[in-house]
There are 2 protein chains.
Amino acid sequence: MKRIFLKVAYDGTAYCGFQFQPGDPTVEGELNKALSVLTGEDTEVIGASRTDAGVHAMGNVAVFDTCSTIPAERFAAALNTKLPDDIRVTESREVPDGWHPRKQECRKTYEYHIDNSRTGNPLRRLYTMHFPRRLDVERMREGALCLTGEHDFTSFANPSSQVLKNGGSAVRNIEEIRIDGEPGGEITITVRGNGFLYNMVRIIAGTLLDVGTGRFSPEDMKMMISACDRTKAGITAEAKGLLLKGIDYQEGTE
Amino acid sequence: MKRIFLKVAYDGTAYCGFQFQPGDPTVEGELNKALSVLTGEDTEVIGASRTDAGVHAMGNVAVFDTCSTIPAERFAAALNTKLPDDIRVTESREVPDGWHPRKQECRKTYEYHIDNSRTGNPLRRLYTMHFPRRLDVERMREGALCLTGEHDFTSFANPSSQVLKNGGSAVRNIEEIRIDGEPGGEITITVRGNGFLYNMVRIIAGTLLDVGTGRFSPEDMKMMISACDRTKAGITAEAKGLLLKGIDYQEGTE
């Protein structure tokens, strides 16, 4: 028995999210199905990030256990012959027995993509939130700076978060928020940190859009953080603008 | 009666090309339908470029005649409320009576997008040709230089081209071919010129890929041009990698 690590990219448009749900198309369901066809085993992957319906990924991570004789590095290519074309395994390798993708120190990078053009770009409609209002990107950068660092992000989490319901900590460390692009074009918010609460990146994006339009000031971010109250922050931006870019594990996967 | 110019962007994935075909989804068919709903007139647009099934556009052009009192500049926003979300009119304005988008001096810019990654990026699968073989981009640039300028492009045209069948000239002037990107990532071939034969950009892209792999040498391009024989050039690259970026009219539209 060995444990195999998979790096997974997918277009989330057609899926009800990553996590398996009986009867609905999910990324996890497709991975399990392809693995079972390939190995003849009844396989269930463990995912690193349970992305929501419509959210995309370039570098989500999943592991599974197998007795198959297929070499670990070959699983990527073999799985891609069985998977639908909107899911691709870009890397596979063996990891230590019991290595768990949600129980390791890691750094996640998300991108939130905003189409700020007037009419919307039809070629980017599935991968951006169309937001045609005038945005002050410099103001958004100032607001982003206030969110950077270690804070209690209760105001920036969906209150139905299991972690919060179970009384867990909402303290997270955002290492960096970078905003690229020009008003009228595509604007990308890149957020990197050691952990995220449920919907946290989408609420940060929605709130920074409100800073960009002038509804909030950059300094309002500080008040929102200290309030620890979801109703003080901005909207949850649309799922389809969110991309899980990658997960870096500090150790234990080599 | 006035003539209105439309700049049109679309995701070609769901369409059997631009040109109207009874019973099939086409971009022209959707534009005609939306205009008829909007104006109450039985409208047929005239398109600048009849892109093939699966080909995308950021700046195709179409015109139509109307007696509607809707101001010319308002048609873009009004049409977008009636069009499916994979077609967007990004600009509308009045042009002189009888102005015809295929009978004016113009410069067209196409992009051909190649996904050179090993496994293919699922988020770009509808907008690129996946070509995972190792490419020498510098060699492709040398080959592209041989195609630049005024030549007889018979070898780079689909022989079923109406122009060629009618005994028309295959002489065209390519102003520039630019190749951006790195091996293993997305590589974009940008082609700008005053006119293109049927499938010409896709055959140029397919041939330059063969130069990139080493099947052809850059100098072979000269032999291909002088042969005036379609069988001497490379394959016709996939439709979905092609994007009509824009059409610049030198005069008559202001």
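Now for a look at the structure at hand. (Residues numbered from 1 in each chain as written. Chains lettered and ligands numbered in written order. Predicted model: local features only at pLDDT ≥ 70, side-chain atom pairs only at ≥ 80, totals over all residues. Heavy atoms only, no water.)

Our next topic: the packing of aromatic side chains. Residues and elements named next belong to chain B. This structure, assessed with the given rule, holds 14 aromatic pairs over all chains. The interplanar angle of 85 degrees and the centroid separation of 5.1 Å between the aromatic rings of tyrosine 110 and phenylalanine 196 together place this pair among those described as edge-to-face. Taken together, the positions of tyrosine 110 in strand S5 (residues 106-115) and phenylalanine 196 in the loop between strand S9 (186-193) and helix H5 (200-213) put the pair 86 residues apart, joining distant regions of the chain. Taking relative accessible area as the criterion, tyrosine 110 reaches 8% and is therefore assigned buried. (Phe/Tyr/Trp six-rings, centres within 6.5 Å; stacked < 30°, edge-to-face > 60°. Helix = DSSP H or I, 4+ residues; strand = E, 2+ residues; numbered from the N terminus. Buried < 20%, exposed > 50% of the residue type's maximum accessible area, 1.4 Å probe, protein only.)

Here we take up the relation of the copies chain A and chain B. Superposing chain A onto chain B takes a rotation of 180 degrees combined with a translation of 0.0 Å along the rotation axis, leaving an RMSD of 0.0 Å. Here the transformation between the copies is reduced to the relation of a two-fold axis. Judged by C-alpha distance, A:Arg124 is the residue of chain A that lies nearest the rotation axis, at 5.1 Å. A share of 100% of the interface residues of chain A reappears at the interface of chain B, consistent with the copies meeting face to face through the same patch. (Least-squares fit on C-alpha atoms with pLDDT ≥ 70 in both. Contact = heavy atoms within 4.5 Å.)

Residue and element names in this part refer to chain A. Here helix H5 (residues 200-213) spans 20 Å end to end across 14 residues, near enough to the 20 Å set by a 1.5 Å rise per residue. Of all 14 residues in H5, 13 are buried, a share of seventy percent or more. Following H5 by one or two positions, glycine 214 has its phi on the positive side, about 100 degrees. (Expected span 1.5 Å × (residues − 1).)

Here we take up the interface of chain A and chain B. Taken together, the contact pairs 22 residues of chain A with 22 residues of chain B. The contact between chain A and chain B buries some 1,700 Å² in all, and 61% of this surface belongs to carbon and sulfur atoms. For the pair chain A and chain B, the number of links is four salt bridges. A:Asp85 is the salt-bridge partner of B:Arg125, the closest N and O atoms lying 3.4 Å from each other. Connecting chain A to chain B are six residue pairs in polar contact (both at pLDDT 80 or more). Of all the elements in the fold, those that place two or more residues in the side of chain A that touches chain B are strand S1 (2-10), strand S3 (56-66) and strand S4 (87-95) of chain A. Counting residues per element, the side of chain A that touches chain B draws most heavily on S4(A), which supplies four residues. Here the side of chain A that touches chain B is composed, by residue class, of ten nonpolar, six polar and six charged. (Buried area = accessible area lost by both parts, 1.4 Å probe. Salt bridge = Lys/Arg side-chain N within 4 Å of Asp/Glu carboxyl O. Polar contact = N/O pair within 3.5 Å; in protein donor to acceptor, adjacent residues only side chain to side chain. Nonpolar A, V, L, I, M, F, W, Y, C, P; charged D, E, K, R; others polar.)

Our focus in this paragraph is the pairing of strand S10 (residues 242-249) of chain A. All names here are of chain A. With six of its eight residues buried, S10 lies for the most part within the structure. When S3 meets S10, the two strands line up parallel, connected through two bridges. When the bridges of S10 are listed, alanine 57 appears paired with leucine 244. (Pairing = 2+ DSSP bridges.)

This part takes up the side chain of B:Arg125. Mapped onto the secondary structure, B:Arg125 falls in the loop between S5 and strand S6 (129-130). Residue classification places B:Arg125 among the buried positions, given a relative accessible area of 18%. Of note is the side chain of B:Arg125, whose polar atom sits 2.9 Å from the backbone oxygen of B:Pro122. Discounting chain neighbours no more than four positions away, the residues touching B:Arg125 are A:Asp11, A:Asp85, A:Asp86, A:Tyr127 and B:Lys240.

A word on unusual backbone geometry. Although it is not a glycine, A:Cys228 adopts a positive phi angle of roughly 50 degrees. Locating A:Cys228 in the fold gives a position in the loop between helix H6 (220-227) and S10. A positive phi angle, close to 70 degrees, is found at B:Asn199, a residue other than glycine. For B:Asn199, the location among the structural elements is in the loop between S9 and H5.

Further remarks concern the pairing of strand S1 (residues 2-10) of chain B. Residue and element names in this part refer to chain B. Within S1, eight of the nine residues are buried, which leaves it mostly tucked inside the rest of the structure. In this structure, S1 lies alongside strand S3 (residues 56-66), joined through eight bridges in antiparallel fashion. Each residue of the ladder has a partner; that of tyrosine 10, found in S3, is alanine 57. Two elements, S1 and strand S4 (residues 87-95), share eight bridges in a ladder whose sense is antiparallel. In the strand pairing of S4, isoleucine 4 is matched with glutamate 94.

This brings us to the side chain of A:Glu28. Residues and elements named next belong to chain A. For glutamate 28, the position within the fold is in helix H1 (residues 27-39). Among buried charged residues, glutamate 28 stands out as having no salt bridge; its nearest opposite-charge side chain is arginine 50, 6.2 Å away. Setting aside its immediate chain neighbours within four residues, glutamate 28 contacts Phe18, Gln19, Phe20 and Val45. (Lys, Arg positive; Asp, Glu negative; His and termini not counted.)

We now examine helix H3 (residues 137-147) of chain A. Residue and element names in this part refer to chain A. For H3, every residue scored as buried is listed here: Val137, Met140, Gly143, Ala144, Cys146 and Leu147. Along the axis of H3, the buried residues cluster in a sector spanning 160 degrees; they form a single face. Its side-chain oxygen placed 3.1 Å from the backbone nitrogen of glutamate 138, aspartate 136 serves as the N-cap of H3. Positive phi appears at glycine 149, one or two residues downstream of H3, with a value of about 105 degrees. (Arc of directions from axis to C-beta.)

By themselves, these are just geometric observations and shouldn't be taken as functional.
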